Amino acid sequence: MSQKALNRILASPRWRTSLAGFCLLTANLALAQPSPHSDHVSTPHSINIPAQPLDQALTQLTEQTGVTLAIQANDLPTTMSPALKGRMGLEDALKLLLSNSLLQARITPEGHVLITDAPDQAMVMPPVLVLGHDQQLGMTVYDREHIRSMPGRHGQITELLRQNPAVQFDRNSRSSKNPADLASENISINGAKYWDNNFSVDGVSINNDLNPGGQSVTANSSMTDLPANTSQGMNLDTSLLESITVYDSNVPAEYGGFTGGVVEADTRTPTRELSGSVSMSLTQDSWTEYHLDDRYEEDFHAPSDADGTAETQPNFRTLTYRATLEGYLTDDFGLIGSFVRRTSNIYDKNIYASNFVDNGVTAPSKTDLTQQVDNLFLKGVWAVNDRLNLSSTLNYAPQSAEYFNINTLNGGFDIESGGLQTTLKADWQGDWGTWQHGLNYSSLEQSRQNGEDYFKAWYASADKNWSDPTQRWNATMEGSYGNIEQTQDKFGYDFKLQLLPLQTGAAEHSFNLGGNVEHTAATYGRTTEFTQANGTDLIPTYTCQTASGDIDDAFCSATPIIATPYRGWAPDAGQMFKRLYHYVPGEIKVSQTAVGAFVDDRIQWHNLSVRTGIRAEWDDYLRNVNIAPRLALNWDLFGDQQTRVIAGANRYYGRSIFDYRLREQRESMRYFSLRDPNTLEFGERILAAKNSTHLQDLKTPYDDEVTLGIEQVFADTLFSLRVVDRKGRDQIHRERISNDGSHEDLATTYYTYTNDGTTDSKNYYVSIRPQGTLNLWHTFTQGELTLGWSDVTTTGSHYNQNLDDTLVMYKGSPIKTYDIPVDNYTRPWTVGLTTKTHIPAAGLTLANFFNWRSSYSQVIRDGRIDYQGQRIYNYVDYDIDAALTWDMRVGWQKAVGSNETLFANLDIGNVLNDKNTIGSSSSSSTSAEIDYELGRNFTLEVGYRF
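Residues numbered from 1 in each chain as written. Predicted model: local features only at pLDDT ≥ 70, side-chain atom pairs only at ≥ 80, totals over all residues. Heavy atoms only, no water.

## So, the overall build of the protein chain
The criterion, for reference: Only DSSP runs of H or I with at least four residues qualify as helices, and only runs of E with at least two residues qualify as strands; both kinds are numbered from the N terminus onward. The atom set for the radius of gyration is the C-alpha atoms, and the globule formula is 2.2 Å times the number of residues raised to the power 0.38. Burial status follows relative accessibility: with a 1.4 Å probe on protein chains alone, a residue under 20% of its type maximum counts as buried, one over 50% as exposed, and anything between as partly exposed. Contacts are assigned to residue pairs with any non-hydrogen atoms lying within 4.5 Å of each other.
Looking only at helices and strands, the protein chain features 10 helices and 56 strands. In summary, the protein chain has a C-alpha radius of gyration of 31 Å against a globular reference of 30 Å for 946 residues, a match within 12%. For the C-alpha atoms alone, the extent of the protein chain along its principal axes is close to 115 × 65 × 55 Å. For the protein chain, the residues scored as buried account for 55% of the 946 residues in total. In the protein chain, of all internal contacts separated by at least 6 residues, the share reaching a separation of at least 24 is 72%.

Structure representation (C-alpha cells):
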C-alpha cells in the first residue's frame, strides 16, 4: 500500500476514529464505553462495495455500516477484495473482504472491529471462496475465485450458471455433434422465455434485442432472414470478470427490462502493483469422445452430405489466447487491459455432397470453417479525492462464424455478431449518501457479410461445369444470398442515489432511488444490391446477344446444356434466365427512446427486514406506461440469524424486440424484372410483393411472481427451501390474417403480432451448504447441494410462432396446438453438487460439478389420425432417460519467484463418459436420428502470472 494512499485513509474522519478505537483496544481498558455503533455490528446491512483494492473496500465498509474499524497489522496488502452486494451481517462481509489477504477480523464486546495479521500466516490456506454464495434468497454471487476455479470449456458467462438450479439450458447445448461452436448459450430462468433475461456488464445492458427469440433459421436458408441472435449480445470471456450476480427472484426495483432474471457481470479493476498474465488453452477432436446414434455414426465421421453450417464437427481444434496487464500508474490512477482470442477451426466440411463429387464435380469440394470471438478490454479507475471516483471501460467483443451455401461455387459468407460497449462512471460520496452517474454507448449487430452479391442456379453445361452434370436442375449453383446488416446502437444515461440509513423510531430506512434514459436505433438493410436467379426461371436460347448489341454473359449462356431439364428444351440450346429478383440497397430503421425510474426502501425493524419498491418505465416504441411494484420480506425469526423466513410479490416487465417492426416494409426492398423475349433485355423493375407484416398496438409482456422461502442454520450448515410461482401474461405471438381488402398496402395474407401468449411456472428449490470448511489431511473442502423442480406450461416457444388453435391429438386426447406441452428448457428435476478442494502442499485445486437431470418426454409429431371426420396431426411422447454429468477442473499453480507463478488448468467434461440422451433430432419423426450429449472431453490451459 502506498504512503499517499495510507495518508488519504488516515486523514478521513472515520479512520481517525478507528485509530482512537485501536488505542483503546490495545490498552485493554476494562471500563471502555460501548461504541455508539455497536448495534450495527449485529444488524444486517445493505452493502454495495465493488471489487477494488482492500484499503478502499474497508473504507467503504465503514461508511456503509457505521462501525468503528481499527488495524493492528503490519501493513494492509495491495490485494483486490471481491465485490459485495446485498444484505448481510458485518461478520460475513468482513470474511469476504479479507478472503484474499492474510488478515483476520475480530469483533470486540464493545462493538469495535479489530483487523490483525492471521495467527500463523504460513498455515493460512489460500482463498477458497464460497461456492456461488447467496447474499439473499433469489440472488447468487459468483466471485472471481469461484469463476477462476470452476470448470468451463469456453470461458463463457452462461457456462457457470449451470450450477444455479433456477437456470435451465437448451437441451442441445451440450450436443455431441458440435463441440467447437463458440456462440454463447441461451438460458431460461424460472421457466421464463429464454430471450427475456437482462444481461448487463458493470450495470449496463448488453442485450441484443434485434431478434433474440425468433424462429430457427439456418444461416444459408433464406434471402431475407438471418438466424436469431442470442440474447447475450456480447460473448465476454470470464477472465475479464470480478463477479457474476444472478437475480432469479425478489429482484430489486433497480432492475428492469426482463421477465426471466438478471445476470449482472462486474469487470475487474486493476491491482495496485504492476502485474499481468498470459495463457493459452486447447481442446480438439482427439481429446473428445463423441456419443452418436449407432445408425449414423459412420456418416458422422465420413459424411456424405454437404454441411454448410457445420452441424457436425468430427474434426476440430479450439484455441484460446489470453493476455492481461494491469497496475496503478500513479497513486490514484490505475489501468487494466486484456485481450482474449478464442478460435475454433472446423476441418474438412463437404461443400458438395459425395454423390455430386462422384459424378464429376470440378470445383473445390471441401473447406475448413472458422469461428472466432475476440475480447479487447480496457478499464481505467481514478480516485480523484476521498469523495469522487471515476472509471471508464471499453469492451470490444466481435464474433464471426464462417458458413457456405451447399453444392454451390463461391457460396461462402460470414455471420458477424457482438460489438462494442463503452461506459463512463462517476461515484460521489456525499454527506448523506452516494451518487452514481453513468454514461454508456453500445453498438451490436447480427449481420451476414462477405458473401457474393448474386445467386444463380444453372443447368450443367460445358461452361457451367463445376458441379454434377447428372442433376436435372439446380445442379450448377453459384453465389451466396447477399449481405444483410442488422445493427443496434444505444446511448444511455443512468443515475442512482443510495442514501445513508435513516432512523425513525425503531426502524431504519435505507432508500435507493434512480433512473435511466436511453435511445436505441435498430436497423435492417443492405448496402449493395443482391440479385437472385432461380433455376425455375431458366428458358432455352441460342444467343445471349441483346437488341442493343451487348452480350449478357451474367445471366445467359449459349452453350448447350448437358442436364435433362424438367420441361421441353430445344435441341442443343443454351440457357438464360427469364426473370431476376433484385434486393435493392436500403434500410429499415426503428428508434426507441426509453425512460425508467425506481425507488425502494429497505426497512429494518427489529428482526424484520422489508424492501418495498416500485419501478416505472415508458418507451415511444410500444408507448406503454409500465408500473412494476416490488416487495420482499426477510424475517429473522429469533433474532440470531439462524432461522429466516423470506417472502415476496413482484412484477417484471420485458423489453421491446425490434424484429417486430423491422419486418414491416421488408418487401419494399424486393423487386423483379422480366426479360423481353424479342429484345432479350430486362424490363422495368416491379415490386415483387406487398408487405406481409403489419404491427398493431401491443402491450408489454410481464411476469407476476410470488415467492416464499425459509432458511435454517443447523450444525453449521445452511438449509434453504423456496418456492417461486410465476405467471407470464401478454406474451407476444404472431397471427396470420387474410386480407379482406381493407389494407391495400398489405399482401393477401399478412401477419401481425398479438398479446395472446401465456406462461405459467411453479418452481421449488432446495439448497444445503455447509458454512465451514472440511479440513482433512491438510486439505480444505467446501461444497453445496442444490435441488430444483419445475413445472412449466406455455403457449409457444418463440414470438414468430403462430398462436395455433388447430385441433391435434396428443396421447389419445384432442387438444389445441398451442396446448402441446413445452419440452425444452424444462427438465422437471435437477440436482447439482458443487465441491471445491484445495491442497496447499501440492498447489492443487480440485473443483467438481455433478449435474443430474431427471427423465422427461419429448413431444414428436407421428403422422395423422382420424378424428370426427377430419385428419389431424397426432403427437406422442418420446421418453428421454435421466442424465448425469460430472465436470471437473484440476487447477495447479507453482510460485517460481517472489511475484511470479506458473499455472495450469485441466477441464474434464463428462468425466464418467456417460451416454446421455438429448432426444430426437426431428420433432416430426419418431424414427429420426437420436442426439446425445458430448462424451468425455479435455481442455488444457497453461499460463504465467507475474
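This is not the end of the story, as more comes after the structure.
## A look at the packing of aromatic side chains
The condition is simple: Note on aromatic contacts: the rings of Phe and Tyr and the six-membered ring of Trp form a pair at centre separations within 6.5 Å, being stacked when their planes are under 30 degrees apart, edge-to-face when over 60 apart, and tilted otherwise. Each ring is checked for a lysine NZ or an arginine CZ that lies within 6 Å of its centre and within 35 degrees of its normal; such an atom marks a charge sitting over the ring.
For the structure shown, the criterion picks out 25 aromatic pairs. Each ring, one from Y493 and one from F495, has its centre 6.3 Å from the other, and the planes form 25°; the classification is stacked. For Y493, a relative accessible area of 30% puts it in the partly exposed group. Aromatic pair Y660 and Y753: ring centres 4.9 Å apart, planes at 40°, arrangement tilted. Of this pair, Y660 sits in helix α10 (residues 659–662) while Y753 sits in strand β43 (residues 746–770), and the two are 93 residues apart along the sequence. Each member of the pair Y660 and Y753 is classed as buried. Within the aromatic cluster, the residues linked to one another by ring pairs are Y194, W195, Y660, Y753, Y799 and Y825. When the ring centre of Y328 is taken as origin, the NZ or CZ atom of R272, which lies over that ring, is 4.1 Å away. Note that K456 overlies the ring of F555, its terminal NZ or CZ placed 4.8 Å from the centroid.

## A look at helix α5 (residues 90–97)
To be explicit about the condition: In this description, the arc belongs to the directions extending from the helix axis to the C-beta atoms.
Every buried residue of α5 is listed here: L90, A93, L94, L96 and L97. End-on, the buried residues of α5 take up no more than an arc of 165°, which puts them together on one face.

## Quick word on the domain arrangement of the protein chain
Note the cut-off: Where each domain begins and ends is defined by an automated method or by a domain database. Buried area, as used here, totals the accessible surface that two parts lose on assembly, with accessibility defined by a 1.4 Å probe and the loss added over both. In protein, a polar contact requires one atom able to donate a hydrogen and another able to accept it; more generally it is a pair of N or O atoms within 3.5 Å, and residues adjacent in sequence count only if both atoms are side-chain atoms. Under the convention adopted here, Pro, Cys and the residues Ala, Val, Leu, Ile, Met, Phe, Trp and Tyr are nonpolar, Asp, Glu, Lys and Arg are charged, and Gly plus all remaining residues are polar.
As far as domains go, the protein chain holds domain 1 (45–117) and domain 2 (141–477 + 491–535 + 584–945). Distance between the C-alpha centres of domain 1 and domain 2: 35 Å. Across the boundary between the two partners, domain 1 contributes 17 residues, which contact 23 residues of domain 2. Summing both partners gives a buried area of about 1700 Å² for domain 1 against domain 2, and 43% of it is carried by carbon and sulfur. Between the two partners, domain 1 and domain 2, sit zero residue pairs in polar contact (both at pLDDT 80 or more). Broken down by element, the side of domain 1 that touches domain 2 gets its largest block of residues, three residues, from helix α4 (residues 54–65). Partitioned by chemical class, the residues of the side of domain 1 that touches domain 2 number five nonpolar, eight polar and four charged.

## Description of the sheet that holds strand β51 (residues 870–880)
We count it as follows: Whether two strands pair depends on DSSP finding at least two bridges between them. Lines fitted to the C-alpha atoms define the axes, with helices restricted to the stretch that makes contact. Angles between their N-to-C directions range from 0 to 180 degrees.
An order of β47-β46-β51-β50 is seen for the four strands of this open sheet, with the pairing classed as mixed. Each of the sheet's edge strands pairs with one partner strand only, and the pair in question is β47 (813–816) and β50 (856–867). Going across the sheet, the axis of each strand differs from the next one's by a mean of 35°, ignoring polarity. Sheet topology places strand β46 (residues 807–810) next to β51; two bridges connect them, and they run parallel. Note on β51: the bridge partner recorded for M809 is N874.

## What about the pairing of strand β20 (residues 388–404)?
Regular strands place their side chains on alternate faces of the sheet. Sheet analysis places strand β19 (residues 366–383) next to β20, joined by 11 bridges and oriented antiparallel. Paired with F377 across the strands is N395, a residue of β20. Here 17 bridges tie β20 to strand β22 (residues 412–429), and the two strands are oriented antiparallel to one another. Residue pairing across strands places S400 opposite E416, the latter belonging to β22.

## A word on the nonpolar core
Selection rule: Here, nonpolar core refers to any group of buried Ala, Val, Leu, Ile, Met, Phe, Trp, Tyr and Cys residues whose side-chain atoms link them within 4.5 Å.
Among the nonpolar cores identified, the biggest contains 28 residues, and Y290, Y352, Y459, L538, W569 and F577 are the most heavily contacted of them. Sequence-distant contacts of Y290, defined by excluding residues within four places in its chain, comprise S176, P179, D285, F300, H301, Q313, P314, N315, F316 and L934. Core analysis: the next-biggest nonpolar cluster, separate from the first, contains 24 residues, L160, F199, I244 and V246 among them.

## Concerning the state of the cysteines
One covalent bond between the sulfur atoms of two cysteine residues makes up a disulfide. The cut-off we apply is this: Here, a disulfide means two cysteine sulfur atoms that sit within 2.5 Å of each other.
Within this structure, the stated rule accounts for one disulfide. Across a sulfur-sulfur distance of 2.0 Å, C544 and C556 are joined as a disulfide pair. Taking the sign of the S-S torsion, about -85° here, the bridge from C544 to C556 comes out left-handed. Of this pair, C544 sits in the loop between β30 (538–541) and β31 (556–557) while C556 sits in strand β31, and the two are 12 residues apart along the sequence. Summarising the burial analysis for this pair, C544 and C556 share the class buried.

## Observations concerning a nonpolar patch on the surface
Our working definition: Here the term patch refers to residues with relative accessible area over 30% and no salt bridge, with like charges joined within 9 Å and nonpolar side chains (Val, Leu, Ile, Met, Phe, Trp, Tyr) within 5 Å. In this description, accessible areas are obtained by the Shrake-Rupley approach with a 1.4 Å probe, and a residue is regarded as covered only by the protein chains that are shown. In the sections that follow, a salt bridge refers to a side-chain nitrogen of Lys or Arg positioned within 4 Å of a carboxyl oxygen of Asp or Glu.
A cluster of nonpolar side chains, contributed by V517, V595, V599, I614, W618, V625 and I627, occupies part of the molecular surface with about 540 Å² of accessible area. Mapped onto the nonpolar patch, the elements with two or more residues apiece are β34 (586–605), β35 (608–619) and β36 (625–636). The residue V517 is located in strand β28 (residues 507–526) in this model.

## Points about the pattern of salt bridges
Should the charged atoms of two oppositely charged side chains come close, the side chains can pair. Taken as a whole and judged by the stated rule, the model has 39 salt bridges. The salt bridge involving R655 is made with D196; its shortest N-O contact spans 3.6 Å. In this pair, R655 sits in the loop between β37 (643–653) and α10 while D196 sits in the loop between β11 (187–189) and β12 (198–201), placing the two residues 459 residues apart along the sequence. Summarising the burial analysis for this pair, R655 and D196 share the class buried. Measuring nitrogen to oxygen at the nearest pair gives 2.7 Å for the salt bridge that ties R722 to D248.

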